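Descriptive analysis of the structure
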Amino acid sequence: MIACINILLVTLWLHLGRWDLTEDKRYTISPATEALVAQVDAPLQVQVLLDEGAMNAGFERLRQATNDWVEELHVVNNYCVRVGGDIPTNLGLQPVMVHERGKQGQMVQTPVYPYAIVRYKNRLRVVQLLQNNPSRSGEENLNSSIEALEYRLADAINGVLNPRAEKVAFLEGHGEMSEREVYDWEKELSRYYQIDRGTLGNQVGIMDDYKVVIIADPREQLNETDKYIIDQYIMQGGRVMWLVDGVKLSEDMLQTNGLTPVIAEDWGIRDMLFKYGVRINPVLVQDLQCQMVPVEVSGSQTETQFQPMPWTYAPLLLTSDESPITKHIAQVKSMLVSEVESVGGDDGITKQILLATSTASRKTGVPAEVNLADWTVMPELFTSAYIPVAMSLEGIFSSLYAHRMAPAGIEGATGVKQSPKTRQIVVACGRIAQNEWQGQEPLPVGYDKYMQTQFGNRDFLVNSVLWLADEQGLMQLRGKQIALRLLNDKRSYQQRTKIQIISVVSPIAVLALVGGVVWTLRRKKYIR
């Protein structure tokens, strides 16, 4: 009888699913992931490299959470299985060195491989399990890594299930950033998409095959023909990422003379962006939370000496945890940025701030002058807070040309006045996408070689395109939150004797109480 009941319970467990009794539903698979995993029709193997070797309690928690998620995927589709094996040497995976104290108090370095490998039908994707934000503690980084597990695994499964890459285009013809300047960003995007570059011409619909179009830091005005083609691309449901400065300056003069005049510039697209619900204000934003840049301080003609100095025109931008694009990513370094402002009131467009300045910032109107020799900072002037620099837009957009004639020479003018629900991102700084080079080697975008720090530029840029192109809702999985419950170290140390006594005595007391009750009941029953 008992065996039959056990078989029945196990059968119900497997067919009806398991109950997630956790407060934050950490083991509940989202409908988007379930729909994705349901497409798996052959063995899908997940190798968790954290399974190799011993590690500290934090990484042990990450390992267990990863294995739990793979088990949840197996429950949804038994083709999904966890496998073991040695760490592959042909993938170039680099370990993370974990520093901790050994049993004798000595410092010990342990190499940890925070990766999982997803294999399906001779296709392979590597999953980076660890999120490492330098501004967060180790516990917070491990917790955010656990929060992102479902998204990272689902993203990898989507990659091996759908190897046909959608297309993303970088627009050219208006002085936009070259392939060399955005090499690192393009390289990362090429893991997901086919990347093309090109000019527009005069044919409407020329961009319809592209999931996302990127306009990266134009230096020449867009003409009416280009604007009409871009507008009608959006009206057909196209997605655009704008990285556009609100001011114009001469970088050559800044590098050669150390100063440059700054004037307002809208690159011919102010009316377009205004119609879509935002405006890039022609101001320069300064922030006390900024990059350190090397400054020559020796004053000698024969010997040079550099000293790092804070430059307020190069803000370190805060990222929002409210958006799946920027959740848990590090600060984004920038230079000579402007302000993005929402306009249009209740226009039905959902707008979300992605990047903003700190609580000690200010706006400088133009025309103005930027002088590299001017390091005077007056903190009392930095009274503004959270000035928006990047914003996402989602909704139904109205055409700039809804009540205007198409430009002369346009081929295939459609005249669509309203878009389906679609998305755009507007960033008031083109330089956040630019990577530097060290000799013949490109540096990761967002890497500061003077501070030797990797900022969150790459994550922001890649996540932005993933969000724009996302049709399955997978990016929303990055918004998952798991409460971080840490011990109060100070309280636990102060009350350690009390805690030790309770921990030791309580089980014995409960056992004695239960034994006493049982003994009393038996005594009453059998002793008359």
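Residues numbered from 1 in each chain as written. Predicted model: local features only at pLDDT ≥ 70, side-chain atom pairs only at ≥ 80, totals over all residues. Heavy atoms only, no water.

1. Side note on the packing of aromatic side chains
- Considering all chains together, one arrives at six aromatic pairs under this definition.
- Ring centres 5.7 Å apart and planes at 55° place the aromatic pair Tyr-183 and Trp-437 in the tilted group. With Tyr-183 in helix α6 (residues 183-189) and Trp-437 in strand β24 (residues 437-438), this residue pair connects regions lying 254 residues apart in the sequence.
- A relative accessible area of 22% means that Trp-437 is categorised as partly exposed.
- Seen in terms of ring centroids, Tyr-276 and Phe-397 are 5.8 Å apart; in terms of plane orientation they differ by 80°. Their pairing is edge-to-face. Taken together, the residues span a long stretch of sequence, with Tyr-276 in helix α9 (residues 270-276) and Phe-397 in strand β22 (residues 388-398) at a distance of 121 residues. Each member of the pair, Tyr-276 together with Phe-397, is buried.
- Above the ring of Tyr-210, the side-chain terminus of Lys-167 is found at 4.8 Å from the ring centroid.
- The ring of Phe-382 carries the charged tip of Arg-362 above its face, separated from the ring centre by 5.7 Å. (Phe/Tyr/Trp six-rings, centres within 6.5 Å; stacked < 30°, edge-to-face > 60°. Helix = DSSP H or I, 4+ residues; strand = E, 2+ residues; numbered from the N terminus. Buried < 20%, exposed > 50% of the residue type's maximum accessible area, 1.4 Å probe, protein only. Lys NZ or Arg CZ within 6 Å of the ring centre and 35° of its normal.)

2. Concerning the packing of helix α3 (residues 57-76) against helix α5 (residues 149-161)
- Relative to each other, α3 and α5 sit at 50°, their axes nearing to 10 Å. Taken as axis vectors, α3 and α5 run oblique relative to one another. In the crossing of α3 with α5, the sense of the turn from one axis to the other is right-handed. Contacts between α3 and α5 involve Leu-62, Ala-65, Thr-66, Trp-69 and Leu-73 from the first element and Leu-149, Glu-150, Leu-153 and Ile-157 from the second.
- Here the residues of the contact of α3 with α5 sort into seven nonpolar, one polar and one charged. (Axes fitted to C-alpha atoms, helices over the stretch in contact; angles between N-to-C directions. Parallel < 35°, antiparallel > 145°, perpendicular 65-115°, else oblique. Left-handed = near helix turned anticlockwise from the far one by under 90°. Contact = heavy atoms within 4.5 Å. Nonpolar A, V, L, I, M, F, W, Y, C, P; charged D, E, K, R; others polar.)

3. Here we look at the sheet that holds strand β1 (residues 44-48)
- Taken in spatial order, the four strands of this open sheet run β2-β1-β5-β6, and their pairing is mixed. Strand pairing shows two members of the sheet lacking a second neighbour, β2 (80-83) and β6 (123-128), which therefore form its edges. Neighbouring strand axes in the sheet, compared pairwise and without regard to direction, differ in orientation by 25° on average.
- Of the strand pairs in this sheet, β1 and strand β5 (residues 115-120) are connected by five bridges, and their pairing is antiparallel. Bridge assignment links Val-48 to a residue of β5, and that residue is Ala-116.
- Across the sheet, α3 lies against β1 and β2, angled at about 145° from β2, the strand it touches most.
- Packing against the sheet, α5 makes contact with β1, β5 and β6, and its axis sits at approximately 165° to β6. (Pairing = 2+ DSSP bridges.)

4. Here's the deal with the pairing of strand β8 (residues 193-198)
- Bridge analysis of strand β7 (residues 166-171) against β8 gives six bridges, and the strand direction is parallel. Bridging across to β8, Leu-171 finds its partner in Gly-198.
- In this fold, the crossover linking β7 to β8 by way of α6 has right-handed handedness. (Right-handed = clockwise from strand over helix to strand, strands pointing away.)

5. Brief notes about the pattern of salt bridges
- Scanning all chains against the criterion turns up 23 salt bridges.
- Close ionic contact of Asp-41 with Lys-121 constitutes a salt bridge, the shortest N to O distance being 3.1 Å. Here Lys-121 lies in the loop between β5 and β6 and Asp-41 lies in the loop between α2 (31-37) and β1, a separation of 80 residues in the sequence.
- By relative accessible area, Asp-41 is classed as partly exposed at 47%.
- Salt-bridge contacts for Glu-60 lead to Arg-63; the nearest nitrogen and oxygen are separated by 2.2 Å. (Salt bridge = Lys/Arg side-chain N within 4 Å of Asp/Glu carboxyl O.)

6. Focus on the nonpolar core
- One finds Trp-185, Ile-214, Met-241, Leu-243 and Phe-460 to be the most contacted residues of the largest nonpolar core, which totals 76 residues.
- In contact with Ile-214, other than residues within four places in its own chain, are Val-168, Ala-169, Phe-170, Leu-171, Trp-185, Leu-189, Met-241, Leu-243 and Val-465.
- By size, the runner-up hydrophobic cluster in this structure holds 35 residues, among which are Ile-215, Tyr-233, Trp-242 and Ile-280. (Core = buried A, V, L, I, M, F, W, Y, C linked by side-chain atoms within 4.5 Å.)

7. Remarks on the layout of surface pockets
- Its boundaries defined by the atoms lining it, the largest pocket holds a volume of some 1500 Å³.
- The wall of the largest pocket is formed by 42 residues, among which Gln-128, Arg-152, Glu-188, Arg-458 and Asp-459 lie closest to the centre.
- Elements with a minimum of two residues in the lining of the largest pocket: β6, α5, α6 and α10 (457-469).
- The leading source of residues in the lining of the largest pocket is α10, at six residues.
- Residue composition of the lining of the largest pocket, grouped by class: 21 nonpolar, eleven polar and ten charged.
- By volume, the second largest pocket is sized at about 930 Å³.
- What lines the second largest pocket is a set of 30 residues, and nearest its centre among them are Gln-255, Val-293, Trp-311, Met-335 and Glu-436.
- It is strand β15 (residues 290-296) that contributes the most residues to the lining of the second largest pocket, five residues altogether.
- Here the lining of the second largest pocket is built from residues that sort into twelve nonpolar, seven polar and eleven charged. (1 Å grid on protein atoms, 1.4 Å probe; cavity = no way out; pocket = protein on both sides within 12 Å on 5 of 7 lines; lining within 4 Å. Points joined across faces, edges and corners; volume = space filled by probe spheres on them.)

8. Concerning empty space enclosed by the protein
- In this structure the tally under the stated criterion is one cavity of 30 Å³ or more.
- Volume-wise, the largest cavity comes out at about 80 Å³.
- Every residue lining the largest cavity is counted, 13 residues in all, and those nearest its centre are Asp-266, Ile-269, Arg-270, Leu-273 and Ile-280.
- Of all elements in the fold, only α9 and β13 (278-281) reach the threshold of two or more residues within the lining of the largest cavity.
- Residue classes in the lining of the largest cavity are distributed as seven nonpolar, one polar and five charged.

9. Observations concerning α5
- Here α5 is 13 residues long and its end C-alpha atoms lie 18 Å apart, about the 18 Å a rise of 1.5 Å per residue gives.
- Most of α5 is tucked away: twelve of the 13 residues are buried.
- Residues of α5 that are buried: Leu-149, Glu-150, Tyr-151, Leu-153, Ala-154, Asp-155, Ala-156, Ile-157, Asn-158, Gly-159, Val-160 and Leu-161. (Expected span 1.5 Å × (residues − 1).)

10. Details of the sheet that holds strand β11 (residues 247-249)
- Spatially, the three strands line up as an open sheet ordered β11-β12-β21, and their pairing is antiparallel. A single partner strand is all that each edge strand has here, and the edge strands are β11 and β21 (368-371). Sheet twist, expressed as the average angle between the axes of neighbouring strands with direction ignored, equals 30°.
- By the bridge criterion, three bridges tie β11 to strand β12 (residues 259-264) in an arrangement that is antiparallel. Within β12, the residue paired with Val-247 across the bridge is Ala-264.

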